[in-house]
Amino acid sequence: MKRSQVPLPPFPSSLTSHPPSSSSLAASSIIRTHPPQSTSHTLDDSMKPKKNDTKSNSSQGYWWDVAHVTSRIFEEEQIINKERRLTFRRIVKLCVYLIFFLVVLISAVVSKLSLFTMINAYKTLEQPKIYMIRWQVLLLIAMIVPYIFTFVQSLVLSTFRIKHSPPFLLTIWVHIAEACHTIGLSMLVFRILPSIDNVTGLFVLNGVCIVPAILNLFTVRRHHNTSLKLLVFISDIGSVLMQLSVCFIPSILKTTEKLSSALQWQLPLALFLISLGYWESFVETRLPNKHFFKWFQHAVRLLRKTRPKVYITASLLKISVLIITAILFLPKTVDKKLYFHIFDQVPIGEKYSRAVPFFEDHEDLFRITKQIYVPFILQILSSCICYYTGRVACKVLMQSFGFSLPLTMSTLIAYVILFFTQGFTNKKDVIVLGQFFYLDKPQALGSKLMIISLIGFLILWLSRMKITSHVWFPTSERLAMIHKLFVLPYYESAIVEQNLLLNKQQKDALEMKDQIEPDLTLKRKFPVPMIYVCATMWHETTNEMVQLLKSIFRLDSDQHARRTVQRNLRILDPDYYRFETHVLFDDAFEDDENGNRVPNRYVKQLVAAVNVAGAYVHGVDKVVEDPIKIPTPYGGRLVWLLPGKNRLIVHMKDKYLIRHKKRWSQVMYMYYLLSFKLLRRKNGAHNLSQPVTNLDTEFIGFSEFLKSLPQDKKISAQNTFVLALDGDVDFKPEAVLLLVDRMRKNPKVAAACGRIHPTGDGPIVWYQQFEYAVGHWLQKAAEHKLGSVLCCPGCFSLFRGSSLMDDNVMRRYADKSTEAAHYVQYDQGEDRWLTTLLLQQGYRVEYCAASDAYTHAPETFKEFFNQRRRWMPSTMANIMDLLKDTKHTTYVNENISKLYMFYQAVLFVSTILGPGTILLTIASALRTVFSTLTIAESYMISILPSFFYIIVCLKTKAHTQIVIGAIMTAIYALVMSMVLVATTAQIVKSGFLDPSAVFLPSVALIFIVTGILHPNEMFNLIHGFLYLITIPGGYLLLVTYALCNLHVVSWGTRETVEVVKKKKSKNSKSDGSKKRRATDVINNMFWGDGQQQRGILHQAGDVIEHVFRPTMKRQETLLQQIITQLDRDDSQKKNSNIVPQNSKESSSNIPIIVTSDIDSSHNTTNTTASTSLLNKSRNNMINPFWSELPWLGSESIIGYLHTDEITFWQQVLSKYLLPLDKDAEEERRIQCDLIGLRNNAGFAFFMLNAIWIILQFQCEYVATQFTEIMIDVGRLFGSHEAKVQVLGLLFMLFFATCMIVQFFTMILHRWGTFIEILASTKLFEKHRKYKLKPGSDIAGMTSQEVAEVLKDLDIELVVPTSAAISSSSSTIPKDSVTFQMESIINREQHFIAPDEYDDNEEQDVYIEPPIDYFDHPVVQDAIDESRLRLI
């Protein structure tokens, strides 16, 4: 008697001390042994390449079989195209670097010179006094503009987002500090700068850092030695002394005694008050933790949360203080009553006309020429441009070159312009600018003080550089939010460069350092994200499976290259991540001919597709080993170890053991990955070598459970992400990293979705490509900018783990549908419902247009109609749920306002009235084409087909509805083509006064401009014509079909042929027993008999569907050829798969299943092998029948779950995931409720559209009888021939408003996308050399070159056997990079922390059962006595 279990492969060398047993025991018995827990071997150990097995990984072939089927060229073309795009992005980034530098530098210089120009005009005595008042008002307006922007922004944020109120004492302190700052600024601009020349004014402006310089003395110098601390402290004292030296300028200047005495106290006071406004920038993180500074540090944290509400009143206070102090600082020679005559006509007068000889003395300069306002306009624009450009430069990590350098140089450039313009020999003391303006020449020119002033200015400039030195060492993350970049939410137009430098946020030097540049210390300060890639599968085709698996292999290769570079070059990658793939296969089991539960043909298809996808990416025939087969309480599990040593886990769900369908698969992986794996994850799994600050985990969620988690678990939950995928999606690793950036940017972002591109062939796909494009370009972008995205598609979205674990999200998502509305909202569009739950809990959902993913789109009418039959009702149900919950959602969610909900309500109403609007458009178009038609006739012709289709949808089967819908769509397309030509002719005839002549070209122009702004997707505009002529099919027939089939809650797509055949066979018997009536002959002629005879309408529909169905894909045929070849190779090794192991390998540490003898001869037939497999006593948790199927791999082994996980599955199955009991009475009740819901929703939908059509009809009919009630739009242009009726004009204005709003939000979103791409593009990556640690053998190579080499070695070292590598290594030249890298890779990296690169978490699968495995109730109950067979 020999053991019939599939033999285990040879164990790795580390496991040879405990070899498995192969001893023979009595037949028909199960002997269970309890191995010691310490000898349990982990799953990954069994999947490592075997050094002594040279032929296990190579399939048998022949010498003459030289042709291969591969798609390596396609992958190489993609890599080449990617490199070209990356090169283009780098060139663009270089240009943007230069643009940012020049724009910030020029705008800062222009802002400073325009300010001095206005001050010089203000202090000029050779002008009327009222002109001085006017110049002061212009200066006031220029300084008030930033405060107005701050007020508007704070009001919007406080109204729509910020819910909490600031503490009273904190509010008072902020108002006092801002009032003091404004008083000092007003004193500087209106009293001090007019009293001195412009060059001296530059001296003074460098002295606004007194308080920051003093606070720098108390800064803690972390990680500085004693000598360096002393040197820094001395430089800080020198900076304080240089700032204070500015106060002695009045004593040096040659001014009158009265003016000098006033400046001696005004100048120090003004500089101190101005610098007091920047206290917050220097007390937040750099001060020691002493009692004296604790209040300030605590105040900063409170202020960050409520700053917008504080600055609503603070900005108004600053405006008021600025106006009052400006009036007080007006020269005493000017009467303040002149403020009331500021708009009067005041001629320049004969006395002052000599200064401006080009104008008459009776003319008012402020009215006859616009040149007088040039400095005013330049000052406002240059200050605003400097601020916003510098802010963007900081967001995209261009701070040093695009922000710090130009702002620091701007003062020097202005000094050079003022000091050296027109040379030293010019006797004039002014620089003339045009006819009205001038700049002061320095008073020190030509005197002995010139050299002293130059030296003093440079020293003062250097002291300011020392105080603001933190701007040269940026510590913000990529795409940081504004409050993380700048402390105050406004800028000062009078001192724009000083304000930006002092206002720049600074952080601890340890914090987030590795986000900017690679770190050589190997001490990570930011948690490494853990990404669980979770895909759901059901009945996907081979091509669709390969698309997903190719994406997984790319992700595995990218992650492995990043990990290897870090391990061997000791460089921390800020974009490093860990991931694990889980594929959940719904309804994966079926009964074979003997009644055994085996994986179905789709699982077999997936197993074969794994190596096919690997061949696409790696270019070799066999990329991975056979999977580990693991029995589970819900069915089974297959585990592959990918070339990058990441795991691909396929969960095969048995619908008789666990609840099936997509939503329950998502519930399954949420509870498994987040509740089970994350909470039991060992400490330190977040990869932190240093603790983060409290601000990083300040927000973890809204539930008390999340807030009570330990700090370690909080970090893990916040940095664990679930990448939800469909089984046919295709994406690149860069797309995932962009979504991770969105998550890192804001902890309240619960989910982020990318740009979904539908793929396929045929007109149906072309229609969807334009639809998807417009939906993402306009609607998705508008949702992102105005509030929050309402739907994260399940095909490609990233979810934050802590957000899913929050209250009312994951638990509510696991609710069973008990009402008719639940089936529509919960199960028909589960991704939209999950997004709704996140929004109602208070989270934000974002859209990242730069993250591209490709998914297979329906290619036939049937698939397309059934897909939208699910989506449309679910979308409307979730939007209605949000609208009904407006009060609560707007209260808890700071990103959703009542105005945004009103916007969604307007779109919801327009969606409901869409079919009626289409019918009105068709009626109007018919009258345009056929001018003899009356209004009533055109309406009748337009409405009757829709009534016909409603009757068809209510009385016929789904297939008949789709066939007739296809026919009607084709007819409508022909009609719309004629209408389009006639409408164009009508527009040309009527001219631009016709509303259609304005509206339609405007919409087309918006689409064209939008497409141009999306250059990679611009070709989707070509499908716009198809979309236009099929609008009736998409917005009338499709909506009608979805509403009339609202009671159908089945999936409707990817149905198997077998199920359909069974249903037809049952129906055929019942139908055949019925008697045929005479009238059935006519019905069968048109509709068919439902069996073999197909009616005329069905045949016509088949013709149309055949036209719209694409031809067979060459790629699908190619994949089938590859799979057939792999199956043929596996079948050649089949007989060797049942050879037992060496009897010397004995142990009592694994379970032995003993059965009757099996003929081990090579000539044994398949029938004999199958018969012997059936003669076993089965336990579905030990040796399930499916684990011995040959197509699952002859050399793969069986793994076992830990008992803790088995207990978890037992509990979660019993509470949430047990299969639903089929209660006939309950199903009838639900079906009746669904039909009632369909009737009520359909009736309401019908009545609203009927009312809309009747109102429009009445307006048009009455307007023909009473033209007085029509609106004459031509009167605005001097014509009285263009009249339109009121309702049509209102609808057109409403649609145009929505379109304009979406268009402008699209522009804003495109700018954000450009910034995102700019920030994620790495410049000089291939040319920057990193300093390596001593002992490295690859010094001199760049990190990118090493990464590329490692990617190549990834194929050589991981995919083939180790023996193959050792045999080939002898031929590698010693001076090659490959030879050098091999020694480093094989060397043990003892300096790396154990947890740092442990991508696979705590092992939970073993190749030997745990000690308590057989005693577990689930294992004991898994004995399958019904599977005993005697053949």
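To start, this report covers the structure provided alongside it. (Residues numbered from 1 in each chain as written. Predicted model: local features only at pLDDT ≥ 70, side-chain atom pairs only at ≥ 80, totals over all residues. Heavy atoms only, no water.)

Concerning the sheet that holds strand E12 (residues 730–731)
The strands making up a sheet are joined through hydrogen bonds of the backbone, oriented either antiparallel or parallel.
And step 1. Pairing within the open sheet is mixed, and its 10 strands lie in the order E8-E9-E10-E5-E4-E11-E14-E13-E15-E12. Looking along the sheet, the strands with just one partner apiece sit at the ends: strand E8 (628–632) and E12.
And step 2. Bridge count for strand E13 (residues 749–759) against strand E15 (residues 844–856) is nine bridges, and the pairing is parallel. From the neighbouring strand, Pro758 faces E15, where its bridge partner is Thr855. (Pairing = 2+ DSSP bridges. Helix = DSSP H or I, 4+ residues; strand = E, 2+ residues; numbered from the N terminus.)

Details of helix H33 (residues 935–955)
And step 1. With 21 residues, H33 extends 31 Å from end C-alpha to end C-alpha; this agrees with the ideal 30 Å at 1.5 Å per step.
And step 2. Listed as buried for H33 are Ile935, Ser938, Tyr939, Ser942, Ile943, Ser946, Tyr949, Val952 and Cys953. (Expected span 1.5 Å × (residues − 1). Buried < 20%, exposed > 50% of the residue type's maximum accessible area, 1.4 Å probe, protein only.)

As for unusual backbone geometry
And step 1. Phi at Lys645 takes a positive value of approximately 65°, unusual for a residue other than glycine.
And step 2. Tracing the backbone shows Lys645 in the loop between strand E9 (635–641) and strand E10 (647–653).
And step 3. For Lys645, a relative accessible area of 51% corresponds to the exposed category.

Structural notes on the side chain of Arg800
And step 1. Relative to the helices and strands, Arg800 resides in strand E14 (residues 796–800).
And step 2. Within the buried core, Arg800 has no salt-bridge partner, and the shortest N-O distance to an opposite charge, that of Glu846, equals 8.6 Å.
And step 3. A polar contact is formed between the side chain of Arg800 and the backbone oxygen of Met743, at a distance of 2.6 Å.
And step 4. Of the polar contacts made by the side chain of Arg800, one reaches the backbone oxygen of Asn746; its length is 3.1 Å.
And step 5. Those residues in contact with Arg800, other than ones at most four positions away along the chain, are Ala717, Gln718, Thr720, Phe721, Met743, Asn746, Pro747, Val749 and Ala750. (Lys, Arg positive; Asp, Glu negative; His and termini not counted. Salt bridge = Lys/Arg side-chain N within 4 Å of Asp/Glu carboxyl O. Polar contact = N/O pair within 3.5 Å; in protein donor to acceptor, adjacent residues only side chain to side chain. Contact = heavy atoms within 4.5 Å.)

Details of the packing of helix H29 (residues 861–884) against helix H31 (residues 898–912)
And step 1. Contact pair H29 / H31: the axes reach a minimum separation of 11 Å and the direction vectors enclose 145°. As H29 runs across H31, the sense of the crossing is left-handed. Together, Met876, Ile879, Met880, Leu882 and Leu883 of H29 and Met901, Gln904, Ala905, Phe908 and Ile912 of H31 make up the contact between the two elements.
And step 2. Along the lines of polarity and charge, the residues of the contact of H29 with H31 split into nine nonpolar, one polar and no charged. (Axes fitted to C-alpha atoms, helices over the stretch in contact; angles between N-to-C directions. Left-handed = near helix turned anticlockwise from the far one by under 90°. Nonpolar A, V, L, I, M, F, W, Y, C, P; charged D, E, K, R; others polar.)

Brief notes about the pairing of E14
For a regular strand, the rule is simple: side chains alternate between the two faces of the sheet.
And step 1. Among the five residues in E14, five count as buried, and that is most of the element.
And step 2. Alternating positions in E14 separate into two faces, Phe796, Leu798 and Arg800 on one and Ser797 and Phe799 on the other, with burial throughout.

What about the packing of helix H18 (residues 542–569) against helix H23 (residues 733–745)?
And step 1. Running from N to C, H18 and H23 point in directions that differ by 70°, and their axes come no closer than 9 Å. Between H18 and H23, the angle falls in the class roughly perpendicular. Contacts between H18 and H23 pair Arg554, Leu555, Asp558 and Arg562 from the former with Pro733, Val736 and Leu737 from the latter.
And step 2. Of the residues assigned to the contact of H18 with H23, the class counts are four nonpolar, no polar and three charged. (Parallel < 35°, antiparallel > 145°, perpendicular 65-115°, else oblique.)

A closer look at a nonpolar patch on the surface
And step 1. A surface patch of nonpolar side chains, amounting to about 560 Å² of accessible area, comprises Phe947, Phe1243, Phe1246, Met1247, Ile1251 and Leu1255.
And step 2. Ranked by the residues each element gives to the nonpolar patch, the list is headed by helix H44 (residues 1224–1265), at five residues.
And step 3. Relative to the helices and strands, Leu1255 is located in helix H44.
And step 4. Assessed through its relative accessible area of 45%, Leu1255 is described here as partly exposed. (Patch = residues over 30% accessible without salt bridge, like charges linked within 9 Å, V, L, I, M, F, W, Y side chains within 5 Å. Areas by Shrake-Rupley, 256 points an atom, 1.4 Å probe, with all protein chains shown as cover.)

So, the packing of aromatic side chains
And step 1. In total, this model carries 39 aromatic pairs according to the counting rule given.
And step 2. Each ring, one from Tyr387 and one from Tyr491, has its centre 4.8 Å from the other, and the planes form 25°; the classification is stacked. Taken together, the residues span a long stretch of sequence, with Tyr387 in helix H13 (residues 374–395) and Tyr491 in the loop between helix H16 (482–485) and helix H17 (496–503) at a distance of 104 residues.
And step 3. Ring centres of Phe403 and Phe486 lie 5.9 Å apart, and the angle between their planes is 65°; this geometry places the pair in the edge-to-face category. In this pair, Phe403 is assigned in helix H14 (residues 399–420) and Phe486 in the loop between H16 and H17, connecting sequence segments 83 residues apart.
And step 4. Feature note: the residues Tyr767, Phe770, Phe861, Phe864, Phe865, Phe1007, Tyr1027, Tyr1035 and Tyr1041 constitute an aromatic cluster, connected by ring pairs.
And step 5. A cation over a ring is seen here: Arg659 above Trp664, with NZ or CZ 4.5 Å from the ring centre. (Phe/Tyr/Trp six-rings, centres within 6.5 Å; stacked < 30°, edge-to-face > 60°. Lys NZ or Arg CZ within 6 Å of the ring centre and 35° of its normal.)

So, the nonpolar core
And step 1. In this structure, Trp135, Phe190 and Phe403 are the most contacted members of the largest nonpolar core, which totals 116 residues.
And step 2. Take this core: its biggest share by element is 15 residues, from helix H2 (residues 72–123).
And step 3. Each residue touching Phe403, except ones within four places of it in the same chain, is listed here: Gly390, Ala393, Cys394, Met398, Val471, Phe486, Leu500, Leu501 and Lys504.
And step 4. The next biggest cluster of nonpolar side chains, apart from the first, holds 80 residues, and it includes Tyr532, Phe676, Tyr847 and Phe1208. (Core = buried A, V, L, I, M, F, W, Y, C linked by side-chain atoms within 4.5 Å.)

Remarks on the side chain of Thr855
And step 1. Mapped onto the fold, Thr855 is located in strand E15.
And step 2. According to the relative accessible area criterion, Thr855 is buried, its value standing at 8%.
And step 3. A polar side-chain atom of Thr855 sits 3.1 Å from a polar atom in the side chain of Asp728.
And step 4. Filtering out sequence-adjacent residues up to four positions away, Thr855 remains in contact with Asp728, Val729, Ile756, His757, Pro758, Thr759 and Cys795.

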